[in-house]
Amino acid sequence: AQTVTQSQPEMSVQEAETVTLSCTYDTSESDYYLFWYKQPPSRQMILVIRQEAYKQQNATENRFSVNFQKAAKSFSLKISDSQLGDAAMYFCAYRSLVNTGTASKLTFGTGTRLQVTL
Amino acid sequence: AAGVIQSPRHLIKEKRETATLKCYPIPRHDTVYWYQQGPGQDPQFLISFYEKMQSDKGSIPDRFSAQQFSDYHSELNMSSLELGDSALYFCASSLEASEAFFGQGTRLTVV
């Protein structure tokens, strides 16, 4: 079974600064997706960014980028120019691509709560 | 763009009662997932459906059941409710193996 580990329960960043959230995972599979989801106080789960394991290029979405290290099984999220609206719980998630065409569940880490200060 | 719709948004039930949560996935999405998120916890996978067939099962109690109907909406039925069932229940949908999009959740409170 796959596991996802987020070792930082809480992080804090000043507005306009950069912060990196860590995520490691354990799998024996070679094909999979990795995701970062954001959960603000409203508790809506919002997709931030995704990375396909077969792609060497790190995904980027505006101020959000990842550092994907497949061999090390590491998938960190970098938030640049942090804004007050970035304050939320951030979950790293893994999804197997084995048996594509069937529903492969998301496995979540325990989350990192990000505070953004003035 | 259409999103995943869940109803009701809030639900209060007494112990031993039954609750039914509904989920309407994004049109043309072929997969529906149900997750349970307790306070301060990460979402825990309950069950999923692919093309109206159950495809995976997680830590779903025997008191819970779910199904996906011909119009692709899904329902999570919860019986003999316990205080510990109080949580936020998410439904998510996806197309093939792409990213899953989540509904706003149903907050269930058992009193």
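Described below are features of the structure shown in this document.

About the cut-offs
Residues numbered from 1 in each chain as written. Chains lettered and ligands numbered in written order. Predicted model: local features only at pLDDT ≥ 70, side-chain atom pairs only at ≥ 80, totals over all residues. Heavy atoms only, no water. Helix = DSSP H or I, 4+ residues; strand = E, 2+ residues; numbered from the N terminus. Rg over C-alpha atoms; globule rule 2.2 N^0.38 Å. Buried < 20%, exposed > 50% of the residue type's maximum accessible area, 1.4 Å probe, protein only. Contact = heavy atoms within 4.5 Å. Areas by Shrake-Rupley, 256 points an atom, 1.4 Å probe, with all protein chains shown as cover. Lys, Arg positive; Asp, Glu negative; His and termini not counted. Charge placed at Lys NZ, Arg CZ, Asp CG, Glu CD. Buried area = accessible area lost by both parts, 1.4 Å probe. Salt bridge = Lys/Arg side-chain N within 4 Å of Asp/Glu carboxyl O. Polar contact = N/O pair within 3.5 Å; in protein donor to acceptor, adjacent residues only side chain to side chain. Nonpolar A, V, L, I, M, F, W, Y, C, P; charged D, E, K, R; others polar. Pairing = 2+ DSSP bridges. Axes fitted to C-alpha atoms, helices over the stretch in contact; angles between N-to-C directions.

### Looking at the overall build of chain A
Argument step 1. Across its full length, chain A holds zero helices and twelve strands.
Argument step 2. Seen in sequence order, chain A has helices and strands lined up from the N terminus as β-β-β-β-β-β-β-β-β-β-β-β.
Argument step 3. On C-alpha atoms alone, chain A measures out to a radius of gyration of 14 Å, which is about the 13 Å that the 2.2 N^0.38 rule sets for 118 residues.
Argument step 4. Viewed in the frame of its principal axes, chain A has a C-alpha envelope of about 45 × 30 × 25 Å.
Argument step 5. By the burial criterion, 50% of the 118 residues in chain A qualify as buried.
Argument step 6. By sequence separation, contacts in chain A at least 24 residues apart represent 57% of the contacts at least 6 residues apart.
Argument step 7. Carbon together with sulfur atoms contributes 45% to the accessible area of chain A, which is approximately 5700 Å² in total.
Argument step 8. Across chain A, 11 positive and 10 negative side-chain charges occur, with their mean positions spaced 6 Å apart.

### Focus on the interface of chain B and chain A
Argument step 1. Contact residues are listed per partner, giving 26 residues for chain B and 22 residues for chain A.
Argument step 2. For the pair chain B and chain A, the summed buried surface comes to about 2000 Å²; carbon and sulfur atoms form 54% of the total.
Argument step 3. For the pair chain B and chain A, the number of links is one salt bridge.
Argument step 4. With its nearest N and O atoms 2.2 Å apart, the salt bridge here joins Glu99 of chain B to Arg50 of chain A.
Argument step 5. Between chain B and chain A we count ten residue pairs in polar contact (both at pLDDT 80 or more) in total.
Argument step 6. The class makeup of the residues in the side of chain B that touches chain A is eleven nonpolar, ten polar and five charged.

### Overview of the sheet that holds strand β1 (residues 5–7) of chain B
Strand pairing in a sheet is mediated by backbone hydrogen bonds. Such pairs are either parallel or antiparallel.
All names here are of chain B.
Argument step 1. Spatially, the four strands line up as an open sheet ordered β1-β3-β8-β7, and their pairing is antiparallel. Looking along the sheet, the strands with just one partner apiece sit at the ends: β1 and β7 (64–68). Direction aside, neighbouring strands of the sheet carry axes that sit 15 degrees apart on average.
Argument step 2. Alignment of strand β3 (residues 19–24) against strand β8 (residues 74–78), held across five bridges, turns out to be antiparallel. The residue bridging Cys23 from the neighbouring strand is Ser74, located in β8.

### Quick look at the pattern of salt bridges
Residues and elements named next belong to chain A.
Argument step 1. Scanning all chains against the criterion turns up eight salt bridges over all chains.
Argument step 2. The salt bridge partner of Asp26 is Lys73, with a shortest N-O separation of 3.9 Å. Taken as a pair, Asp26 in strand β4 (residues 24–26) and Lys73 in the loop between β8 (64–69) and β9 (74–79) lie far apart in primary sequence, 47 residues in all.
Argument step 3. In this structure Asp26 comes out as partly exposed when scored by relative accessible area, which is 43%.

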